[in-house]
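Each chain is listed here by its residues.
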Amino acid sequence: MSFLALMRWLEATPERYDSGMQAITLGRVAQLHEAVAREAVPRPGCDVLEIGCGTGAVTERLVRRGAHVTALDQSAQMLEQAKLRLMSAGNAEIDWLEQTASEIDALPRAAFDSVVLSLCLSDMSTSERHYVLSQSRERLRPGGRLIVADEVRLRGATRVLQSLIRAPQWLAGWLLAGSVSHPLKNLRAELEASGFEVRHEQQWLAGTLALFIGEPGK
Amino acid sequence: MIALLKDVLQTAFRMAPWPTEPGLRTIGNPGRKSPVLLTANYDLTVRRLERALRGLDAWLLVAPAGGINVWCAAAGGHLTTHQVVTVLKTSGIDQLVDHRNLVVPQLAATGVEDLAVFRRARWRVRFGPARAEDIPDYLAAGGKKSDAMRRVTFPLRDRLEVAAAWATPIGILVTVAALLLQPAWTLPLLALSTGLAVTVFTALDRLPGGGRWWIAAAGVLVSLLCVTLSGGGTAAMVACIGAPIGFTALLTFDYAGSTPLEGSGGFDGQDWQITLDAERCIGLYRCWEVCPQACYEKIEGEARVDLAHDERCVRCGACIVQCPRDALYFEDGEGQRIEPETIRRFKLNLLGRRSIQVGDEPEA
């Protein structure tokens, strides 16, 4: 039900990443990718900045919907996987950037209709999330929107259940990949603190996966 | 009290990541001219560093390195240029100081590329001392390192810490197994496994012949003892089978990464040796600066280095990563080579191997 721990391992082996993610989320990750792409591309020809593109599962869907994509990831191995996948999409308009999320501050201001952060905010520290979200806001054109999808922490009694299910995966993730991550505690509040108004929220897998659509607030 | 408890717990379970929140911290009352230091977000390291820096005024950047210690994180790709750039940009340190000089632990040199940090974040990286305890002297000397500050040693205190880190998980396994099979053996087995861990890490490299024969001899002795003392029965059977398996594991185990003396396997566990292309060397001394084993010697007046002590090399790769002239690389006995760009891009996994096979290296 929670899966980011296993995602660590899959990230260490990019060629296994997509089928692995599909299996551990009971197929829900494809629905999530589809929803992200649908919200990010309201019309063909719009400019999308995708932060943390990974193996390009969302990138591919963005391109198929006719977006001009700037895809950024700090992992050279992930980017190679993504480029392989997108080669089949023909001469798609993609700018690949091997950079960290914090380096979007070097991109032009007000240059994108959408900024996408799919399953990557939970990898970041609190200050990094705040910086990246604030900088994302600066990259958006008037009327642009932010699409965030990530694993979120449940509240109350269900949280205990979530932690119990997560514990062995957390251990496995560390043993296999040497790294761990945590579901986000209060994503909505963080979006608001970074200057966004949340327009829409959608959930999968008993509320452990969430999609937020934000617009720059006044 | 809580700090002491944390110290004990984190030393015992040292092999697990202990993340602490990355970002900016203050030491004393830092101002606009105070030094800026960086470390990994491994809780034990951060707390020890804060203790070592007591009395100083400095800014401390804690980089997001997966909760892993500096050397392991740098070698494993968790503390690289990416994480340094990230914490420089997101911590707000730009607004707090007038200079752009960052002191990074020397042991991060196997992951962090100083020139790339400058290109991407406009900060100059200086590789500080290998050990936190030397930082006050290093800063007092105006950023000058003595030879001793560069060198990684393996004193008794560190040896006992590594022994504790091994003895704890093994001890837990042994206790669980003994309680299920033969409760009376719990304490003796626990003592045996702890004693072994201490022996292996305090004495192994100091014994003649690398010490592995001594382990073999001890194994035979323990097996015989088990049989004699138990007087036959199931327990004796288990001991007869278990002891040789355990000692064979100890004999053949690869201790790479557990001590600063055992080199990493590099690629495919082949015998890669550090190689210097003397033609390319123009005496920038970056290798000499970051080598934790003092393998290099400066040849004064000739603007070049000599790889004088390659027998000490632990194959951490820091010198290869830092050489702007690409004058260093790994080579095996048959002349096969691993190019510097591969070392920079593909880091070690948990088993001390790189996530790439020789032969499918990318084009540099």
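One structure accompanies this document, and this report is about it.

What counts, and at which threshold
Residues numbered from 1 in each chain as written. Chains lettered and ligands numbered in written order. Predicted model: local features only at pLDDT ≥ 70, side-chain atom pairs only at ≥ 80, totals over all residues. Heavy atoms only, no water. Phe/Tyr/Trp six-rings, centres within 6.5 Å; stacked < 30°, edge-to-face > 60°. Helix = DSSP H or I, 4+ residues; strand = E, 2+ residues; numbered from the N terminus. Buried < 20%, exposed > 50% of the residue type's maximum accessible area, 1.4 Å probe, protein only. Lys NZ or Arg CZ within 6 Å of the ring centre and 35° of its normal. Pairing = 2+ DSSP bridges. Axes fitted to C-alpha atoms, helices over the stretch in contact; angles between N-to-C directions. Salt bridge = Lys/Arg side-chain N within 4 Å of Asp/Glu carboxyl O. Contact = heavy atoms within 4.5 Å. Polar contact = N/O pair within 3.5 Å; in protein donor to acceptor, adjacent residues only side chain to side chain. 1 Å grid on protein atoms, 1.4 Å probe; cavity = no way out; pocket = protein on both sides within 12 Å on 5 of 7 lines; lining within 4 Å. Points joined across faces, edges and corners; volume = space filled by probe spheres on them. Core = buried A, V, L, I, M, F, W, Y, C linked by side-chain atoms within 4.5 Å. Left-handed = near helix turned anticlockwise from the far one by under 90°. Right-handed = clockwise from strand over helix to strand, strands pointing away.

1. Let's talk about the packing of aromatic side chains
What describes a pair of aromatic rings is the distance from one ring centre to the other and the angle between the planes of the rings. All names here are of chain B. The tally for this structure, following the rule as stated, stands at one aromatic pair over all chains. Aromatic side chains Trp-166 and Phe-201 sit 6.4 Å apart centroid to centroid with 20 degrees between the ring planes, which places their arrangement in the stacked category. Of this pair, Trp-166 sits in helix H8 (residues 156–181) while Phe-201 sits in helix H9 (residues 186–203), and the two are 35 residues apart along the sequence. Taken individually, Trp-166 and Phe-201 each receive the classification buried, so the pair is uniform in this respect. Between the NZ or CZ atom of Lys-298 and the centre of the ring of Tyr-285, over which it lies, the distance is 4.9 Å. When the ring centre of Trp-288 is taken as reference, the NZ or CZ atom of Lys-298 above it lies at 3.9 Å.

2. Some thoughts on the sheet that holds strand E1 (residues 47–51) of chain A
Residues and elements named next belong to chain A. Pairing within the open sheet is mixed, and its seven strands lie in the order E3-E2-E1-E4-E5-E7-E6. The strands lining the two open edges of the sheet, one partner per strand, are strand E3 (94–98) and strand E6 (196–204). In this sheet, neighbouring strand axes are inclined to one another by 15 degrees on average, regardless of whether the strands run parallel or antiparallel. Summarising the sheet, strand E2 (residues 68–73) and E3 pair through five bridges and their orientation is parallel. Opposite Thr-70, over in E3, you have Asp-95 as the bridge partner.

3. A short note on the pattern of salt bridges
The tally for this structure, following the rule as stated, stands at 35 salt bridges over all chains. In this structure, the salt-bridge partner of A:Arg145 is A:Glu39, at a minimum N-O distance of 3.4 Å. Taken together, the residues A:Arg145 in strand E5 (residues 140–151) and A:Glu39 in helix H3 (residues 28–40) connect sequence positions 106 residues apart. You can call A:Glu39 buried: its relative accessible area is 17%. Across the pair A:Glu215 and A:Arg199 runs a salt bridge whose closest N-O atoms are separated by 2.9 Å. With A:Glu215 in strand E7 (residues 209–216) and A:Arg199 in strand E6, this pair connects stretches of sequence that are 16 residues apart. You can call A:Glu215 partly exposed: its relative accessible area is 25%. A single salt-bridge network, built from bridges that share partners, covers B:Lys6, B:Asp7, B:Asp43, B:Arg47 and B:Arg51.

4. Considerations on the sheet that holds strand E6 (residues 273–276) of chain B
Two modes of strand pairing occur in sheets, parallel and antiparallel, and in both the strands are linked by backbone hydrogen bonds. Residue and element names in this part refer to chain B. Ordered in space as E6-E9-E10, the three strands form an open sheet in which the pairing is antiparallel. At either end of the open sheet lies a strand with only one pairing partner, and these are E6 and strand E10 (337–338). Across four bridges, E6 lies against strand E9 (residues 328–331) in antiparallel orientation. Bridge pairing in E9 links Thr-275 to Tyr-329.

5. Let's talk about the interface of chain A and chain B
Between chain A and chain B, the residue contacts involve 19 residues of the former and 20 residues of the latter. Inspection of the chain A/chain B interface yields three salt bridges. The residue B:Arg120 makes a salt bridge to A:Glu103 at a minimum N-O spacing of 2.7 Å. Across the contact surface, chain A and chain B share five residue pairs in polar contact (both at pLDDT 80 or more). Those elements giving two or more residues to the side of chain A that touches chain B turn out to be helix H5 (76–87), helix H6 (126–139) and helix H7 (157–177) of chain A. The leading source of residues in the side of chain A that touches chain B is H6(A), at four residues.

6. As for the layout of surface pockets
Residues and elements named next belong to chain B. Its boundaries defined by the atoms lining it, the second largest pocket holds a volume of some 320 Å³. Looking at the lining of the second largest pocket, the elements that each hand over two or more residues are helix H5 (114–121), strand E5 (124–127) and helix H12 (286–290). It is E5 that provides the largest number of residues to the lining of the second largest pocket, a total of four residues.

7. What about the nonpolar core?
B:Leu38, B:Leu79, B:Leu88 and B:Leu102 are the most contacted members of the largest nonpolar core, which totals 36 residues. Not counting the four nearest positions on each side in its chain, B:Leu79 is found in contact with B:Leu38, B:Ala40, B:Ala63, B:Ala65, B:Val70, B:Ala73, B:Ala74, B:Ala108, B:Gly111 and B:Val112. Residues A:Leu32, A:Leu86, A:Trp204 and A:Leu209 belong to the second largest nonpolar core, which totals 28 residues.

8. Re the packing of helix H4 (residues 81–90) of chain B against H5(B)
Residues and elements named next belong to chain B. The N-to-C vectors of H4 and H5 enclose an angle of 35 degrees; their axes lie 10 Å apart at closest approach. Viewed along their axes, H4 and H5 form a crossing whose handedness is right-handed. Facing H4, whose interface residues are Thr-81, His-82, Val-84, Val-85, Leu-88 and Lys-89, H5 presents Ala-116, Val-117, Arg-120 and Ala-121.

9. Looking at the pairing of E1(A)
All names here are of chain A. Here E1 lies mainly inside the structure; four of its five residues are buried. Two elements, E1 and E2, share five bridges in a ladder whose sense is parallel. Bridge pairing in E2 links Val-48 to Val-69. Taken together, E1, helix H4 (residues 57–64) and E2 constitute a β-α-β crossover, and its handedness is right-handed. Alignment of E1 against strand E4 (residues 112–118), held across four bridges, turns out to be parallel. Looking at the pairing, Val-48 lines up with Ser-114 of E4.

10. Remarks on the environment of B:Lys33
Residues and elements named next belong to chain B. Along the chain, the position of Lys-33 falls in the loop between strand E1 (23–27) and strand E2 (36–40). On the accessibility criterion, Lys-33 (72% relative accessible area) is exposed. When sequence neighbours within four positions are dropped, the list of residues in contact with Lys-33 reads Asp-98 and His-99.

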